[in-house]
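Each chain, letter by letter, is given below.
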Amino acid sequence: MLRSCSQNGQRVVGLSAGYGSGVNGLSCHVRFTHGPPPWRPAYSLDQWVAREARPISLRQLMVFGRTLTESRLISSANYVRTELPARLAHRIRDMQTLPYVVVTNPHISQVYELYLKAFESLRRVPEIKTLEDNAEFCEKIGEKLQEHLTVIPKLAMGVLECRDLMKPEDMDKFMNTVLRSRISRRVIAEQHIALTETFHHPRHPPDAQPRDSEFVGEVLVKCNAKEVVTRCGHEVAALASAAYGSSTLLPEIKLSGHLHATFPYILSHLEYIIGELLRNSIQAIVERQRAKPIQTERPPPIEVTICEAPQHVIIRVSDQGGGIPRDILPHIWSFSKGPRSRELLENLNQVPKIAATFQELRVEDQQLPEATEATPHASPYLGIGAKTHAATEKLASLSSHQGPGTVRESSLATLTSRPPNLRLGMGLPLSRVYAEYWAGSLELHSLEGYGVDAFLQISKLGNRNEQLTMRASMDAV
Amino acid sequence: MVSTQDPPVQGLGDDTDQEELDETKKNNLVKHIICCNSPEDVDPAIKFAQEQGGKFPKKRPIITGFTIKFPKDNISTMSDSKHVASAEIDQDPRHWRSIQVRLTARAPWTSAVIAEATTTTTLNAAPMNLLWRPLRLRCRNAKGHYLCQLRPLASYSYSTSARRPSPPTPRWSHPPSSTVISDEDVASLASKPLHTLSLADLVKHGRPPLSTDALLSSANFTLSLLPIRLAHRIQALRNLPYIVVSNPNISKIYNNYLHSLSTLLPYNSKTISNLEDEIRFTDVLADLVETHSHTIPTLARGFLECRKYISPAEVTRFLDEHLRARIGTRLIAEQHIALHLSSQPHQHQSHTKLQTTDHPSSYIGVIDTALQPATIINSCGNFVSEICELKYGVRPTWIIDGEPATTFAYVPVHLEYIITELLKNTFRATVESGRSHEPVIITIAADPETPRGMHNAFDQERKLGDSPLNHETRYNPSIKPFDDPAPGVTIRIRDRGGGINPEVLPNIWSYSFTTFSEDDELPPQGNGNIDALNAISGSGAGGSSIAGLGYGLPLGRAYAEYFGGGIAVQSLYGWGCDVYLRLKGLGRPKG
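One structure accompanies this document, and this report is about it. Throughout this document, residue positions are counted from 1 along each chain, in the order its sequence is written. Each chain is given a letter, starting from A, and each ligand a number, starting from 1, according to the order in which they appear as written. Local features in this predicted model are restricted to residues whose pLDDT is 70 or higher, and side-chain atom pairs enter the listing and the counts only when it is 80 or higher, whereas totals over whole chains, interfaces and linings include all residues. Based on all heavy atoms of the structure, the side-chain values leave hydrogens and waters out of the count.

**Examining the sheet that holds strand β2 (residues 219-224) of chain A**
Residues and elements named next belong to chain A.
No. 1: Pairing between strands is defined by DSSP: at least two bridges between them are needed. Each helix is a run of H or I in the DSSP string that is no shorter than four residues. Each strand is a run of E no shorter than two, and both are numbered from the N terminus. Strand order in the open sheet formed by three strands is β1-β2-β4, with antiparallel pairing between adjacent strands. With partners counted over all chains shown, the strands left at the sheet margins are β1 (215-216) and β4 (262-266), one partner each.
No. 2: Looking at chain direction, β1 and β2 are connected through two bridges and run antiparallel. By the bridge assignment for β2, Val216 is matched with Val219.
No. 3: Any pair of residues with heavy atoms lying within 4.5 Å of one another is described as a contacting pair. Note on definitions: angles span 0 to 180 degrees between N-to-C directions of axes, and those axes are lines fitted to C-alpha atoms, for helices only across the stretch in contact. Contacts from helix α12 (residues 267-291) reach β1, β2 and β4, with the element oriented near 95° to β4.

Right, dumping it as structure tokens:
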């Protein structure tokens with residue numbers, strides 16, 4: 001854990017100079033006393049709550065970032081400068097309307113304080129006029145992004161601990177809104193940081209026209225579903241053989257359908273969803289396989305079908321991993337309920353930070369004994385230390401020659417890590433939040449005793465606005 | 001032909017003799033039901049009616065009135081008499097006779113049935129009728145001749161529509177008549193709570209063949225449920241806007257319900273204590289099942305015609321509730337009929353010994369405790385692909401994988417209906433997208449026998465069901481399975497038929513006529529121009545049924561949901577479609 005932090009710390013220095021307060025910032029939150037958060041006047045918050053979020057689309061992000069000039073960069077900075085506190089203010093107000101008893105929960109109240117602190121600091125940023133202002137601003141938001149890595153596990157634990165204090169539907173609605181808003185803030189913040197980087201990159205020509213295969217900021221212009229599935233498939237397989245032992249027979253991943261389909265997307269979002277789906281499938285298949293007395297046959301393949309429609313790309317992942325047990329099925333999309341909540345809570349305690357990226361999954365030597373102990377259902381790690389995650393290496397090589405036109409990771413992708421087969425109960429609900437964020441959807445159908453089909457639908461044209469609220473919570477906004 | 005041996009007529013049963021039959025045919029007479037204000041009025045009214053040209057009057061004490069035959073369209077003159085409270089055309093004169101024949105004349109059993117079967121097949125949908133054969137054959141041993149009564153409604157449309165004369169069309173403004181039963185009767189029955197039917201109720205009388213006592217107790221149990229259920233339906237219909245119920249189609253259904261309730265009311269105050277009564281009661285049940293076999297298309301047509309006056313949401317809500325209630329009502333009635341036919345006393349009397357004792361049947365009434373979904377899929381697949389071959393010249397193929405050998409307890413007719421509806425859509429898409437060489441993959445998944453932590457999930461479900469907010473559960477108590485952890489099956493039908501257009505997708509579960517706009521042309525009524533698609537889309541091709549009104553899918557879902565299952569559709573537009581049919585098994589009855 002420590003190793004990865006310091007290793008990646010260096011990398012962040014590269015993009016926002018003067019980094020270093022992140023770790024300190026974290027430690028001060030851990031010290032928080034667990035009383036209710038102190039009362040503060042609500043006036044400044046009210047003003048910001050009154051502002052509506054201005055949603056953006058992938059296409060806007062691309063068009064904006066394609067021809068980058070100083071004035072564009074500055075106006076992007078000012079958009080982020082006003083948008084972040086406004087969006088934060090809405091979430092803070094959401095939390096303020098939760099029952100008192102829920103907000104006094106130590107985890108939730110820490111998140112609340114974290115949000116308030118960020119809001120207070122961001123709303124005070126004066127208008128950005130120069131590139132120097134912008135550099136300073138980028139540093140600040142980079143710092144905030146780091147600090148907030150603890151938000152997901154804290155929220156998840158808080159929600160699990162408070163599951164009897166609120167109706168589960170309300171809890172899930174709250175969680176969905178908070179997480180979706182979080183994604184949105186990170187997207188605009190990271191996009192701005194990435195654009196700033198691109199702008200300052202020595203090789204950045206003033207009128208660069210990126211090729212189709214390239215990124216514009218965080219957006220991959222021609223995201224190819226087949227390539228993402230293949231790559232995630234390999235990495236998930238590597239993770240699985242590290243976790244279950246290299247002798248374990250892993251299922252083949254069979255691709256069919258419209259394999260040339262491309263669409264603009266934020267690669268890390270897609271990788272997270274596909275990674276989670278494949279991970280679930282492989283986990284189920286391997287564990288089902290292990291229950292059988294003879295394990296000589298290769299398990300049935302995972303069939304991935306890519307379907308391109310005029311408006312959408314649909315990715316179907318079909319496995320034969322035995323399906324989802326009936327007692328768990330009603331709860332798979334929920335953050336708070338279900339018969340496994342105690343087990344999940346224990347597991348979450350081991351994961352202080354979640355960036356919700358696919359790259360954070362890795363087998364870490366120092367975490368292994370702990371993890372094995374705490375997850376009775378998880379299989380023993382047989383390949384301790386034998387494998388290092390491919391992403392780490394790739395990242396190391398990337399950070400050295402990063403620039404426009406190369407595949408790049410999300411700036412925070414590797415600051416966190418967690419053992420891949422630690423069940424947190426968050427993969428599916430978070431994947432759905434990601435999918436719905438860009439106006440897509442994620443559905444699951446279980447054939448109990450046989451397998452699961454997952455359907456990820458992606459809006460292909462990139463012209464849909466980010467979905468800041470769930471349909472269910474529209475009325476609450 | 002059998003009237004002379006008949007016991008005294010209790011209900012509105014038919015007691016036609018040969019002379020009357022001939023005359024009716026020759027002069028195109030139509031039977032009318034005349035209700036009088038008081039018993040004293042009956043005789044003068046009959047006299048008056050005969051003066052008006054009526055023939056063959058028969059007194060019907062139960063309705064304080066009589067039936068009489070008039071040449072067509074003569075009835076308006078009757079209402080002029082001060083003795084007459086109401087006069088209406090008997091909606092359904094024919095089936096009375098056939099049932100009477102079947103149940104009272106025991107010797108000519110077979111010939112009567114054959115006679116009926118002949119009329120059944122002389123309709124333009126004859127090929128379909130024949131195609132249904134394989135489905136019927138499968139259960140013949142257990143259920144015998146009554147099978148035609150036991151099929152779900154989709155198949156009824158093939159067999160009953162042409163057998164009936166085209167219904168007389170009352171004028172649009174004709175107010176629905178309700179004089180057969182008093183409002184108090186309906187109101188008092190409808191105020192009684194609906195019994196939450198459980199499957200245990202259906203099998204509590206034991207495995208067939210039932211003894212006489214068990215049969216009688218089944219009859220009395222059935223009798224205790226049905227009038228209340230009918231009254232609730234009548235009440236729901238009465239609460240629709242006047243202009244809607246005045247529509248001839250809906251009015252017809254309304255009157256069917258009144259009629260059925262009136263046939264049951266004579267039994268309401270007494271218990272059925274001997275076999276004679278039981279036979280007559282079963283007779284009434286058979287009539288009930290048949291009278292209502294055509295409800296859905298008629299209602300659909302009626303609501304379509306009324307779409308200016310009632311919102312689609314309201315129609316959908318009414319139909320959803322009606323459909324689900326109807327499934328339960330039919331199940332109760334059909335269960336008793338099936339038990340009746342396989343019971344000891346009646347088997348003994350029956351000349352065709354249907355059930356051989358050396359093969360213990362897996363059936364309890366209409367429930368098959370060892371139903372193999374793969375068998376049903378194959379027989380329905382054969383049926384549907386046969387139609388495809390007939391209409392398109394191509395025969396789609398299918399492959400069953402997963403666990404084809406699995407069996408579970410379910411009502412086979414329900415499964416047949418659902419599978420047929422789903423396969424129609426699947427095969428049609430496959431053929432129309434030109435991919436009939438790609439087999440449809442049907443995966444059968446069986447629940448593991450002892451899933452862990454079962455009870456949590458079921459407790460959860462029950463909690464949901466108890467919530468007063470749950471509209472559907474409150475109004476449509478579905479059946480409880482025998483034992484909760486009963487294994488069920490999930491069936492996935494995966495095709496390469498190009499999927500469903502996203503614009504159409506939101507409407508696939510609505511009764512598609514509710515999405516017709518006001519200016520849309522109504523689909524042709526009758527046999528006019530039925531193309532392949534309509535024939536295949538299950539509306540039936542017969543006389544009063546409606547082609548192309550697309551209620552197959554929502555109805556299929558209603559059947560699946562009845563026992564706590566469901567249907568989900570996942571479309572990959574431009575590629576294909578996955579349909580998931582989840583069915584909760586009914587479990588094994590205890591004891």
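**A look at the pattern of salt bridges**
No. 1: Salt bridge, as used here, is a side-chain nitrogen of Lys or Arg placed within 4 Å of a carboxyl oxygen of Asp or Glu. Evaluated as defined, the whole model comprises 36 salt bridges over all chains.
No. 2: B:Asp277 serves as the salt-bridge partner of B:Arg280, at 3.1 Å between the closest nitrogen and oxygen. Of the two residues, B:Arg280 and B:Asp277 both sit in helix α15 (residues 275-291), three residues apart, roughly one turn of that helix.
No. 3: Among the ionic pairs, B:Glu386 bridges to B:Arg395, the shortest N-O distance being 3.6 Å.
No. 4: Counted as one network, the salt bridges with shared partners bring together A:Arg316, A:Asp453, B:Arg492, B:Arg494 and B:Asp578.

**Remarks on the packing of helix α14 (residues 248-268) of chain B against α15(B)**
All names here are of chain B.
No. 1: Packing of α14 against α15 brings their axes to within 10 Å, and their N-to-C directions diverge by 170°. Here α14 is positioned roughly antiparallel relative to α15, judged by the angle of their axes. Contacts between α14 and α15 pair Asn256, His259, Ser260, Thr263, Leu264 and Tyr267 from the former with Asp277, Arg280, Phe281, Val284, Asp287, Leu288 and Thr291 from the latter. Every angle not falling under 35 degrees, over 145, or within 65 to 115 is termed oblique; those three ranges are roughly parallel, roughly antiparallel and roughly perpendicular.

**Considering the pairing of strand β6 (residues 312-319) of chain A**
Note on strand geometry: in a regular strand, side chains alternate between the two faces of the sheet.
Residue and element names in this part refer to chain A.
No. 1: Across the eight residues that make up β6, a large majority, eight, are buried.
No. 2: Burial of the side chains of β6 extends over both faces: His312, Ile314, Arg316 and Ser318 are buried on one face and Val313, Ile315, Val317 and Asp319 on the other.
No. 3: The pairing of strand β5 (residues 302-308) with β6 spans six bridges and is antiparallel. From the neighbouring strand, Glu303 faces β6, where its bridge partner is Ser318.
No. 4: The turn linking β5 back onto β6 is made up of three residues.
No. 5: The sheet contact formed by β6 and strand β8 (residues 451-459) spans eight bridges and is antiparallel. Bridge pairing links Ile315 to Leu456 in β8. Burial classes follow relative accessibility: with a 1.4 Å probe on protein chains only, a residue under 20% of its type's maximum area counts as buried, one over 50% as exposed, and anything between as partly exposed.

**Considering the interface of chain A and chain B**
No. 1: The interface is formed by 27 residues belonging to chain A together with 31 residues belonging to chain B.
No. 2: Throughout, the accessible surface (probe 1.4 Å) given up by two parts as they are put together, summed over both, is called the buried area. With both chains or domains summed, chain A and chain B bury close to 2400 Å², and 59% of this area falls on carbon and sulfur atoms.
No. 3: Counting every contact that joins chain A to chain B gives four salt bridges.
No. 4: In this structure, B:Asp447 and A:Arg326 form a salt bridge, with 3.4 Å as the shortest nitrogen-oxygen distance.

**Some thoughts on helix α16 (residues 427-437) of chain A**
All names here are of chain A.
No. 1: Burial runs high along α16: 11 of the 11 residues are buried.
No. 2: Those residues of α16 that sit buried are Gly427, Leu428, Pro429, Leu430, Ser431, Arg432, Val433, Tyr434, Ala435, Glu436 and Tyr437.
No. 3: Next to the buried residues of α16 lie α9 (151-161), α10 (168-200), β4, α12, β7 (441-447) and β8.
No. 4: A positive backbone phi angle near 60° is found at Ala439, which sits one or two residues after α16.

**Overview of the pairing of strand β6 (residues 367-371) of chain B**
All names here are of chain B.
No. 1: Along β6, four of the five residues are buried, which leaves the element largely enclosed by surrounding structure.
No. 2: Inspection of the sheet shows strand β5 (residues 363-364) paired to β6 by two bridges, in the antiparallel sense. Bridge pairing in β6 places Tyr363 opposite Asp368.
No. 3: Where β5 folds back onto β6 in an antiparallel hairpin, the turn is made up of two residues, including Gly365, whose phi is positive at roughly 60°.
No. 4: Two elements, β6 and strand β8 (residues 408-410), share two bridges in a ladder whose sense is antiparallel. By the bridge assignment, Leu371 is partnered in β8 with Phe408.

**Focus: the nonpolar core**
No. 1: Here, nonpolar core means buried Ala, Val, Leu, Ile, Met, Phe, Trp, Tyr and Cys residues that are tied together by side-chain atoms lying within 4.5 Å of each other. The biggest cluster of nonpolar side chains holds 110 residues, and the ones touching the most others in it are A:Leu270, A:Ile274, A:Ile315 and A:Leu456.
No. 2: These domain boundaries are the output of an automatic or database domain assignment. Domain assignment of the residues forming this core places at least three in each of domain 1 (42-202) and domain 2 (218-360 + 411-459) of chain A.
No. 3: Excluding its chain neighbours within four sequence positions, the residues that come into contact with A:Leu456 are A:Leu270, A:Ile273, A:Ile274, A:Val313, A:Ile314, A:Ile315, A:Ala435, A:Ser441 and A:Leu442.
No. 4: Core analysis: the second largest hydrophobic core is formed by 106 residues, B:Ile228, B:Leu237, B:Val489 and B:Ile500 among them.

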